[in-house]
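Report on the structure
The lines below spell out each chain.
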Amino acid sequence: MIDNGFLQFSGVRVPRQQMLMRYAQVAPDGTYSRPPHSKINYKTMTYVRINLVRKSARSLAIGLTTAIRYSSLRRQFGTPEERAVLDYQTQQNHLFPLLASAYAYRFTGIYLDRQFRELEENLSHGDFSLMSIVHASSAGLKSLTTTVVSNGLETCRRCLGGHGYSLFSGVASYATTVLSQVTLEGENTMILQQTSRFLLGLLKQKPDSFFQNDNGRPAESKMLNPIDYVENLSFWVSHDFQVGSAEDVTNPTFLLDACRGRVARLLFRLHKSLEQDKSKDSWNQHLVEIGRVAIAHCFYLTLLAFHRSVVELSKTASPQVVKVLERLRDLYGLHHVQEEGADYLELGILKPNHISVLRKKIMSIFLLIRPDAVGLIDAW
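Scope of this entry: the structure provided in the associated data block.

Quick notes on the rules
- Residues numbered from 1 in each chain as written.
- Predicted model: local features only at pLDDT ≥ 70, side-chain atom pairs only at ≥ 80, totals over all residues.
- Heavy atoms only, no water.
- Phe/Tyr/Trp six-rings, centres within 6.5 Å; stacked < 30°, edge-to-face > 60°.
- Helix = DSSP H or I, 4+ residues; strand = E, 2+ residues; numbered from the N terminus.
- Buried < 20%, exposed > 50% of the residue type's maximum accessible area, 1.4 Å probe, protein only.
- Axes fitted to C-alpha atoms, helices over the stretch in contact; angles between N-to-C directions.
- Parallel < 35°, antiparallel > 145°, perpendicular 65-115°, else oblique.
- Left-handed = near helix turned anticlockwise from the far one by under 90°.
- Contact = heavy atoms within 4.5 Å.
- Nonpolar A, V, L, I, M, F, W, Y, C, P; charged D, E, K, R; others polar.

Take the packing of aromatic side chains next. For any pair of aromatic rings, the description rests on two quantities: the centre-to-centre distance and the angle between the ring planes. Evaluation of the coordinates by the stated rule reveals eleven aromatic pairs. With a centroid separation of 5.4 Å and 70° between ring planes, the pair formed by Tyr103 and Trp380 is classed as edge-to-face. In this pair, Tyr103 sits in helix α2 (residues 89-123) while Trp380 sits in the segment after α14 (373-378), placing the two residues 277 residues apart along the sequence. Of the residues examined, Tyr103 reaches a relative accessible area of 9% and is grouped as buried. With a relative accessible area of 36%, Trp380 lands in the partly exposed category. Each ring, one from Tyr229 and one from Tyr300, has its centre 5.9 Å from the other, and the planes form 80°; the classification is edge-to-face. In this pair, Tyr229 is assigned in helix α6 (residues 228-231) and Tyr300 in helix α10 (residues 287-313), connecting sequence segments 71 residues apart.

Next up, the structure:
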């Protein structure tokens, strides 16, 4: 195991030309110049967090490979013949949302990697504009993905029945290895603050008039920006999520809009509460809400990355493959909205009857995914 450490010298002179001065500088007269951006020293840590997001997808896929393959072969109960465990709705409810999450995190990792490469290119030209957003995104997404994956691997273990606890399955021992990622490169609960602090900082820069101006629904091309809802906050805070029919809530575009509305309203509410609370312990008294905002933002980012990736693949992949990925994307979004239904009801985005519609749609997607479940896991 490799741990952190430090080395201290006494009475040793380091020649100036041998000092690491890519960003911070020491002039010949000894004058120290700070880096041009306060977060630049976090670049390496940011890259490690991005790798953890990418690794999370693969880690979850490893557990799912064993769980789904076992469940497709293990037969139990049923009349008149025993059925494969994976044919039972309860087993699908455990495993298929995790399968969708694995693909979502895969596409999110690709998105983050592209963003980091763009950051490096910009830094080489002295442009630090992406530094804060990449740092904030990597922090929150590392927290979200590693938490879901560590819990998800335990779900995979349980879905193996008694075999799951056996070393023979490999899942139990592998889960303990992955569990360290929850605290690696920043404890997950703590680093969510970095994401929310960035989002709140964007609002603090805005004049008071910004919160009253509703410029209408932004153009679709601009909505590929993961912080687009911040620039159009008034629209998403006041937007009336009217639904023509109950089934409309299962539309992918509506799901993206609902996620935007949720994080925008949570963020605006948090901003107002922090502005009004002038106590010394204000930040601490809002930590739970701060975490909720970060998680809501990061889920929206993963769904957006999933949606964007499916759209891109539709230009080159076969229609059959695209259709399967669309089902996974829809399941990913629908399952989240169902799990966080209290937020969507409280914030006025959904109505109670919509939740039952979502649930029925999820169950229907399970049936469509079942024939492709093994293939989807083999694709890894």
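This part is about the packing of helix α11 (residues 319-339) against helix α13 (residues 352-369). Their axes nearest at 10 Å, the elements α11 and α13 cross at an angle of 150°. Relative to α13, the element α11 lies roughly antiparallel. Our pair here, α11 against α13, has a crossing hand that is left-handed. Between α11 and α13, the contacting residues are Arg327, Leu328, Asp330, Leu331, Leu334, His335, Val337 and Gln338 on the first element and Leu358, Arg359, Lys361, Ile362, Ile365, Phe366, Leu368 and Ile369 on the second. For the contact of α11 with α13, the class distribution of residues is ten nonpolar, two polar and four charged.

This next bit is on the packing of helix α8 (residues 252-276) against α11. Contact pair α8 / α11: the axes reach a minimum separation of 10 Å and the direction vectors enclose 40°. Relative to α11, α8 is oriented oblique. As α8 packs across α11, the resulting crossing turns out to be left-handed. Residues Pro252, Leu255, Cys259 and Arg262 of α8 touch α11, and the partners they reach there are Arg329, Asp330, Gly333, Leu334, His336 and Val337. Its residues placed into classes, the contact of α8 with α11 shows five nonpolar, two polar and three charged.

These figures capture arrangement, not role.
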